[in-house]
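# Fold and geometry: a report
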Amino acid sequence: MKDIECGKYRLTDLAVILLAALFCWCALQGTLELNPQGIGMDSDLQNYAQIMEAAEYPAAFALDPVASYFPRDPGVPNLLTDLAGLFPGGDNAAVDMLRVGSLGVFLHFLAYYILGRCLFRSPSLAVLLSILMGIAVHWAFGTFWGSMRSDPVPRIFYADLWPFLLLLACAAVKRPLLQPVVMLLSGCAMLVHTVSALMGGAMFFMAFFLLWQGRRPWRHAGLSLLNLLSFAIPVAIYLRVFLADTPAPPVEYGGLFAEVRALRYSKDWHDVWQSLADIVRYYIFPVPLFPAAAVSAVVLFKKRQQLAGPVRTLLRLMPGMVLGIAGGCVLCALEMWLARHLGRQNMSQEILRGTRFLVPLSWLLLTCLLSLYWQGIAPLLRRGFVVLLAVVLLSLGQGKQVVAARHALADMTGMSWLDTAEARQLKARSLRLQDALRALRAQAGPEEIVFTDGDCMAVRFAARMPLLPVHKDGNVIYYAGDPVLARRWLAMQQCMAADAGGYMDIWRTEQAALLLTRHVEHKAQLLRYGSLLFENEDWLLLRRSPVSADDGAQATRSGHAD
């Protein structure tokens, strides 16, 4: 009977893996249709793509004022870009990253399914945990938890690794000598994603630190010190090898580059602690995720003797992991305070994005609570509930992966009802931009630079054309340390922010003769300063007339423009 049950579980495991692989393959095919050449994909990926294209085709970007500084971006290379470089074959670097990202989504499903199987044994409950972990949950600072919301970015690979670190940490509860191994691997995870690894290390360290029962104080202190060193050494090596050469802005221009950084990250970091407090309150009310997790923790503590051994072990780690996140926030606050009083930029702000781990911890507590009653439910009802949840999420989910998968299925099967209006609109927008970029390539001269009033980095990674600085370039410009370029970028951004038509003044006075803009409603005004080369529903492509350039330069010298 036991062999029959094991055989049935193996078949279930295989079916789950195949279904997850099928979904991810469909999502990839849909994404490549919705975002041809990566056009319209996640803006972080666009930034990585333009850096990779500039490195691959330096001659094409010789006139680009920013491209020569791309190697100074501390965010590239990363695991995603490295893997994309190992598996080329797409139209460009953007397509290669999308293909590697789909692997990250599949591993996300697989990793949390394995975690669920190890904790609960039940395949249906493991599938439920995997589904919950994949749901996109918005967080503060422009980040989120989950794999379904958008195109995969580098942090998904740490999310894939985290369940295995968690399982190893559970094993280390009964085998303390494994604790330094967990901490060492957590430090080495800096190679996967730095921000996540630093907060993850704080979580595991505090979880182990609180396991002092039955251990002499001096032995516990020694083990805790060993854990700390095991984490700190690989982190220090990583910082020394990969970030030691990251240039700092010149001290004499500290105020200028502080302004660059503040403007670049104004959307995500305008009020750090208020943003964090707001998102925590949001998941207390109106979305009671954290209260539900707290109630689950209380019930689980009271009924801990009824829990399976792995679940009891996991619960022993939970308080320390939450305190680890809190401790990480305290350290970040201290470093930010010191930086402010010393007159320098802080280095720890980004680590606060790791507070999103409160979400998977909450999902784990809720699933552990379900495990108390799961076996008491009829098997058919258990499986039916999980299948129903999956169908509902696939039917109603608005995440990029779900929308892309449905679009691909509709295209392959001819069942148009599977497609969504969002997917059709996204594809139409991407194709219209692709047409505009093709016209740009056809019309541009060999010595011409492009100006776009939005973050249209596809000019670089899809059309392979030099581009005037865009908003996203502010990060590279900060690390470039070039005060002339910094002032230029600031002036452009402030001009466009001050007036909806400010981009026209930039086009008339900057060195770029070609303008690619979404402002089709400004066509009549723009034709006063240049000739129309291409237009569609979304885009206008114009070349500035020489007379307009002279007038713009004169207006700049005289201090005003009409």
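Just above, that's the structure.
Residues numbered from 1 in each chain as written. Predicted model: local features only at pLDDT ≥ 70, side-chain atom pairs only at ≥ 80, totals over all residues. Heavy atoms only, no water.

So, about the overall build of the chain. Check the secondary structure of the chain and you find 24 helices and six strands. The C-alpha atoms of the chain give 26 Å as radius of gyration, which agrees with the globular expectation for 562 residues (24 Å, within 12%). Scored against the burial criterion, the 562 residues of the chain give a buried share of 52%. For the chain, restricting intrachain contacts to residue pairs at least 6 apart in sequence, the fraction spanning at least 24 positions comes to 70%. When the accessible surface of the chain is summed, it comes to about 26,200 Å², and 64% of that surface belongs to carbon and sulfur atoms. For the chain, the distance from the average site of its 50 positive side-chain charges to the average site of its 43 negative ones is 15 Å. (Helix = DSSP H or I, 4+ residues; strand = E, 2+ residues; numbered from the N terminus. Rg over C-alpha atoms; globule rule 2.2 N^0.38 Å. Buried < 20%, exposed > 50% of the residue type's maximum accessible area, 1.4 Å probe, protein only. Contact = heavy atoms within 4.5 Å. Areas by Shrake-Rupley, 256 points an atom, 1.4 Å probe, with all protein chains shown as cover. Lys, Arg positive; Asp, Glu negative; His and termini not counted. Charge placed at Lys NZ, Arg CZ, Asp CG, Glu CD.)

Another aspect to go through is the packing of helix α4 (residues 93-120) against helix α15 (residues 358-374). For the pair α4 and α15, interaxial distance at closest approach is 11 Å and the crossing angle is 40°. With respect to their mutual orientation, α4 and α15 come out oblique. Considering how the two elements wind past one another, α4 and α15 form a crossing that is right-handed. Together, Leu115, Leu119 and Phe120 of α4 and Leu364, Thr367, Cys368 and Ser371 of α15 make up the contact between the two elements. (Axes fitted to C-alpha atoms, helices over the stretch in contact; angles between N-to-C directions. Parallel < 35°, antiparallel > 145°, perpendicular 65-115°, else oblique. Left-handed = near helix turned anticlockwise from the far one by under 90°.)

Now for the pattern of salt bridges. Here the structure, examined in full by the defined rule, presents 19 salt bridges. Note that Asp64 is salt-bridged to Arg460, the shortest N-O span being 2.7 Å. Of the two residues, Asp64 sits in the loop between α2 (43-56) and α3 (79-86) while Arg460 sits in helix α19 (residues 458-461), which places them 396 residues apart along the sequence. The shortest N-O distance in the salt bridge between Glu510 and Arg488 comes to 2.8 Å. Remark: Arg488 occurs in helix α21 (residues 483-498) and Glu510 occurs in the loop between α22 (502-509) and β4 (514-517); sequence separation between them is 22 residues. Glu510 sits in the buried class, given a relative accessible area of 17%. When salt bridges with common partners are traced through the structure, they connect Asp64, Arg460 and Asp473 into a single cluster. (Salt bridge = Lys/Arg side-chain N within 4 Å of Asp/Glu carboxyl O.)

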